[in-house]
Every structure is written in structure tokens, then in C-alpha cells.
Amino acid sequence: MTERPESLSIAPEHSANPELLPIRDVVRLTGVNPVTLRAWERRYGLIQPLRTEGGHRLYSLDDVATIRDISSWTERGVAVSKVGTLLERSRPTQNDSSLRVADTSVSVVDFSDASEWLEWQRSIRQALAAFDEDGLEQLYGQIFSTYPTSQVFGQVLLPLWHELRHQTGFGQLSQWLFYDAFLRARVLQRLQFVRRGARQCVLLAALPDQCRELELLVTGLLLSGDHGAIRVLPLGQPLAEMPLLCQAIQPRALVFFAPAPPSPPLLGQLNKLALAIDCPMALAGRGAELVAAKLKDTPVANLGDEPRLMLSRLMQFLAGHLDT
């Protein structure tokens, strides 16, 4: 593949722009080393940072979001040579500022809002550095009382979770584990509260090797809305045994979370599974959107990956008004 043109230069007065980050800060925020960043830029054209007159790279918050997306794809087994196509297909339109389900980034950045998200993250980092569970609990409650659930996770909590997961300094793994356990416990608590007293539920499962437990739980919370009953199955649930669970539980629907596009063999397995169970089946997440064309004329519905649309489609699906 031919190299892309050099990044654009910027005037000296813009080099001090607080919304532009030097490469050392991007490495800290994303865990991606400088050699890899330069390869993604020059060999694959996946990112295009600005340059100072001295030739130093400066990255926007959109660039950081893209880098996290690239890392997410490659961690899920997608070849970096194919990531460009996936980024183009998953990039929202200019007027679409919606959040992606369990995503790591802000696709369209409003910097007035972004400064608020960063301030909340700074406060959370301080609590994590002190392993202060009471302080973290207080911040968690304050954020939820200020913003909708999709923004809480999409803009504040999950981006920081991904950032800390990639950092390797002394004590940072312990901080991430503390943070991960805290969030999983709180999301499980909310899911159980919403599901209390419900006679029927929607089963939510992860496709094999595509996500971590917190990402799946957050997706379940977003799908549950204000009064939905979502039962999240453990990671590693065998696809072959899904008919057994569906027969025993009798769910209203079975939904698979797909943060990455399922491979053709996996799509074939899902189509066969949809015919073997007695409830409707759907995919949710960015991967579902990226294989939407392949889901047409199959028994598997596409719920999309934007929280409000996904929840709306789930309600239509359960009511029998969403075509598969």
C-alpha cells in the first residue's frame, strides 16, 4: 500500500491549543506506542494528525477516538489493513452526534462538553489512585444524576476504563482492576433492580471472544431502558447450548452483542441457531450495523448500535413490527 501524504502543518499559535495533544499524551491515553501510531498514519492512512512548523505531530480528540477504535478492532482480531474500511462504514454522518454502544470514543466532539467529561475523569482518577471506594461511589452517583445513562458510560466511564486498561505503569493495573470491579458491581445492581418482578426477560449474550464482561453488562443496561427486563448471560456461553437455555428460560427474545462484525462462518452458525430456538433472535452493536446487508433475508434482526435507536428497535422487534 502506498504511503499517504504528510500531515498538514499548523501555525505556531495553534500548537498551544489545549484541544491538540502531543504524541506522548496520546500514547498515555491510548496505550499505543509511537511506532505503531506512525505506521497507522503513514502506511495505512488511518489517522492524520496536524504538524507544527517544527514537524511535531499534534492529535485532536477525534484522533484519539479513532486510535481507540483501531485498537478495539485489532484486539478483536480484525487485520489492521481492513480497519480503514470498517472505520469508514461505522463513521457517523456530520449531523449524527449519537453515542455508540459500549464504545470508547466520542464520534463527534463538542469541546464544551468534552471539557466536562475530562474534568469528571480527572476526579475519578484521583479516587482510583487512592483506591477510595467511597469517593468513587459519590462521583458515580453525581455523574448519573447529571447526565443520561448513555452519556455517563459513552463519554465518561468507559473511555477512562479503556484508557486505564492500556496503561502499564506501576500500580495502574491495580487501579484498573479496582475500577472494573466497581463498575461491574454497580451495573449488575442496576440490571437486577430494573428486572425485579418481571415475568419475562430478554436474554443478552456475547458473541465468542468479542468483548469483556463490563461492555456486555453496559449494553444490557442500555437495552433495558427504564423498564425493560434484560438477563445477561455469562461470557463464554456456548452457542450450541443456547437452545437448551431458551427452552428452559422461555425468553421474549435472544440478543447477541456484536462489537465487531461476525465472520461468515459465525453468521452461518447464528442463522442455524435462529431456526433452532422458539424465540426471535437479533444482533446489537457496531458489528451488527457493519453486517446489516448480510442480515437481510435472514431470521436474525439488526438492532443497530446507537442506544436510543437500539432500544427503539428492540421494542419494535418484541412487538413484531421490525422486519428481519
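Each chain carries its own residue numbering, running from 1 in the written order of its sequence. Local features are withheld for residues below a pLDDT of 70 in this predicted model, meaning they are given only at 70 or higher, and side-chain atom pairs are given and counted only at 80 or more; totals for whole chains, interfaces and linings count all residues. To obtain the side-chain values, all non-hydrogen atoms of the structure were included, while hydrogens and water were left out.

Visitor: Can you help me understand the sheet that holds strand S2 (residues 50–51) in this one?
Guide: Strand pairing in a sheet relies on backbone hydrogen bonds. The paired strands run either parallel or antiparallel. Only strands that DSSP links by at least two bridges are regarded as paired with each other. Each helix corresponds to a stretch of at least 4 residues labelled H or I by DSSP, and each strand to a stretch of at least 2 residues labelled E; elements are numbered beginning at the N terminus. The antiparallel open sheet is built from three strands, whose spatial order is S1-S3-S2. Of all the strands in the sheet, the pair left with one neighbour each is strand S1 (21–22) and S2. Any two residues whose heavy atoms approach within 4.5 Å are treated as being in contact. For helices, the fitted line uses only the C-alpha atoms of the stretch in contact; every axis is such a line through C-alpha atoms, and the angle between N-to-C directions lies from 0 to 180 degrees. Sitting on the sheet, helix H2 (residues 34–42) is in contact with S2 and strand S3 (57–59), with an inclination near 85° to S3.

Visitor: Can you walk me through the confidence of the model for the protein chain in this structure?
Guide: Any residue range with low pLDDT should be treated as having predicted coordinates unsuitable for detailed reading. Looking at the protein chain, pLDDT values average 82 and 84% of them are 70 or higher. Taken element by element, the protein chain is modelled with least confidence in helix H4 (residues 80–90), mean pLDDT 75, and with most confidence in strand S6 (residues 253–257), mean pLDDT 95. Low pLDDT (under 50) marks residues 1–15, which in the prediction has 34 contacts with non-local residues, meaning those over four places away or in another chain. The score called pLDDT rates the predictor's confidence residue by residue, from a low of 0 to a high of 100. Confidence drops under pLDDT 50 across residues 103–112; counting only partners more than four residues distant or on other chains, this segment forms 26 contacts.

Visitor: Explanation requested: helix H11 (residues 264–276) in the structure shown.
Guide: One full turn of an α-helix is made of 3.6 residues, so residues set three or four places apart face in the same direction. An expected span of 1.5 Å times one less than the residue number is assigned to each helix. Taking 1.5 Å of rise per residue, the 13 residues of H11 would be expected to cover 18 Å, and the 19 Å separating its terminal C-alpha atoms lies within 8% of that figure. Of the surrounding secondary structure, the elements contacted by the buried residues of H11 are helix H10 (242–249), S6, strand S7 (281–284), helix H13 (292–295) and strand S8 (300–302).

Visitor: What am I meant to see in the pairing of S6 here?
Guide: Only protein chains enter the accessibility calculation, which uses a 1.4 Å probe. A residue is then buried if its area is under 20% of the maximum for its type, exposed if over 50%, and partly exposed in between. Extensive coverage of S6 is indicated by the burial of five of its five residues. Alternating positions in S6 separate into two faces, Ala-253, Val-255 and Phe-257 on one and Leu-254 and Phe-256 on the other, with burial throughout. Judged from the five bridges that link them, strand S4 (residues 202–206) and S6 form a sheet pairing that is parallel. Bridge pairing in S6 links Leu-204 to Val-255. Note that S6 and S7 share four bridges and pair parallel. By the bridge assignment, Val-255 is partnered in S7 with Ala-282.

Visitor: What is the right way to read unusual backbone geometry from this model?
Guide: For residues other than glycine, phi is negative in most cases, and the peptide bonds are mostly trans. One non-glycine residue, Gln-250, lies in positive phi territory at about 55°. Note on placement: Gln-250 falls in the loop between H10 and S6. For Gln-250, a relative accessible area of 46% translates into the label partly exposed. Unusually for a residue other than glycine, Asp-297 sits at a positive phi of about 60°. Accessibility expressed as a relative area gives 78% for Asp-297, which makes it exposed.

Visitor: Sorry if this is basic, but what is going on with the pairing of S7 here?
Guide: Within a regular strand, side chains alternate between the sheet's two faces. Of the two faces of S7, both are covered, the one formed by Met-281 and Leu-283 as well as the one formed by Ala-282 and Ala-284. When the strands point away from the viewer, a crossover counts as right-handed if the route from the first strand across the helix to the second turns clockwise. In this region the chain leaves S6, passes through H11 and returns to the parallel neighbour S7; the handedness of that crossover is right-handed. The pairing of S7 with S8 spans three bridges and is classified as parallel. The partner of Leu-283 across the bridge, within S8, is Asn-302.

Visitor: What am I meant to see in the sheet that holds S7 here?
Guide: Across the sheet, five strands lie side by side as S5-S4-S6-S7-S8; this open sheet has parallel pairing. Every other strand in the sheet has two partners, leaving strand S5 (230–232) and S8 as the edge strands with one partner each. Strand-to-strand, the axes of this sheet are offset by a mean angle of 30°, without reference to chain direction. Across the face of the sheet, H11 comes into contact with S6, S7 and S8 while running at roughly 145° to S7.

Visitor: Help me understand the packing of helix H8 (residues 172–195) against helix H9 (residues 213–224), please; the structure alone is not making it clear to me.
Guide: In a pair of packed helices, the angle between the axes and the distance between the axes together describe the arrangement. At a closest axis distance of 10 Å, the pairing of H8 and H9 adopts a crossing angle of 30°. Here H8 is positioned roughly parallel relative to H9, judged by the angle of their axes. In this structure, the crossing between H8 and H9 has a hand that is left-handed. Across the interface between the two elements, Asp-180, Leu-183, Arg-184, Val-187, Leu-188, Arg-190, Leu-191 and Val-194 from H8 touch Glu-213, Leu-214, Leu-217, Val-218, Gly-220, Leu-221 and Ser-224 from H9. Each residue is assigned to one class: nonpolar for Ala, Val, Leu, Ile, Met, Phe, Trp, Tyr, Cys and Pro, charged for Asp, Glu, Lys and Arg, and polar for all the others, Gly among them. Of the residues contributing to the contact of H8 with H9, the split by class is nine nonpolar, two polar and four charged. Angle categories are assigned with fixed cut-offs, so that under 35 degrees is roughly parallel, over 145 is roughly antiparallel, 65 to 115 is roughly perpendicular, and the rest are oblique. Two helices cross in a left-handed way if the nearer one is turned anticlockwise from the farther one by less than a right angle. They cross in a right-handed way if the turn is clockwise.

Visitor: Which parts of the structure should I look at to understand the side chain of Arg-186?
Guide: Structurally, Arg-186 can be placed in helix H8. Ignoring anything within four residues of it in the chain, the contact list for Arg-186 reads Glu-133, Glu-137 and Tyr-140.

Visitor: Would you mind showing me how to read the pattern of salt bridges here?
Guide: Pairs can form between side chains of opposite charge once their charged atoms are near each other. Take a side-chain nitrogen of Lys or Arg and a carboxyl oxygen of Asp or Glu: if they are within 4 Å of each other, that pair is a salt bridge. For the structure shown, the criterion picks out 13 salt bridges. The partner of Glu-41 in a salt bridge is Arg-51, with the nearest N and O atoms 3.7 Å apart. Note that Glu-41 is positioned in helix H2 and Arg-51 in strand S2, a separation of 10 residues in sequence. For the pair formed by Glu-41 and Arg-51, the shared burial category is buried. Salt-bridge contacts for Glu-119 lead to Arg-122; the nearest nitrogen and oxygen are separated by 2.6 Å. Note that Glu-119 and Arg-122 are positioned in helix H5 (residues 111–129) at a spacing of three residues, about one turn of the helix. For Glu-119, a relative accessible area of 45% translates into the label partly exposed.

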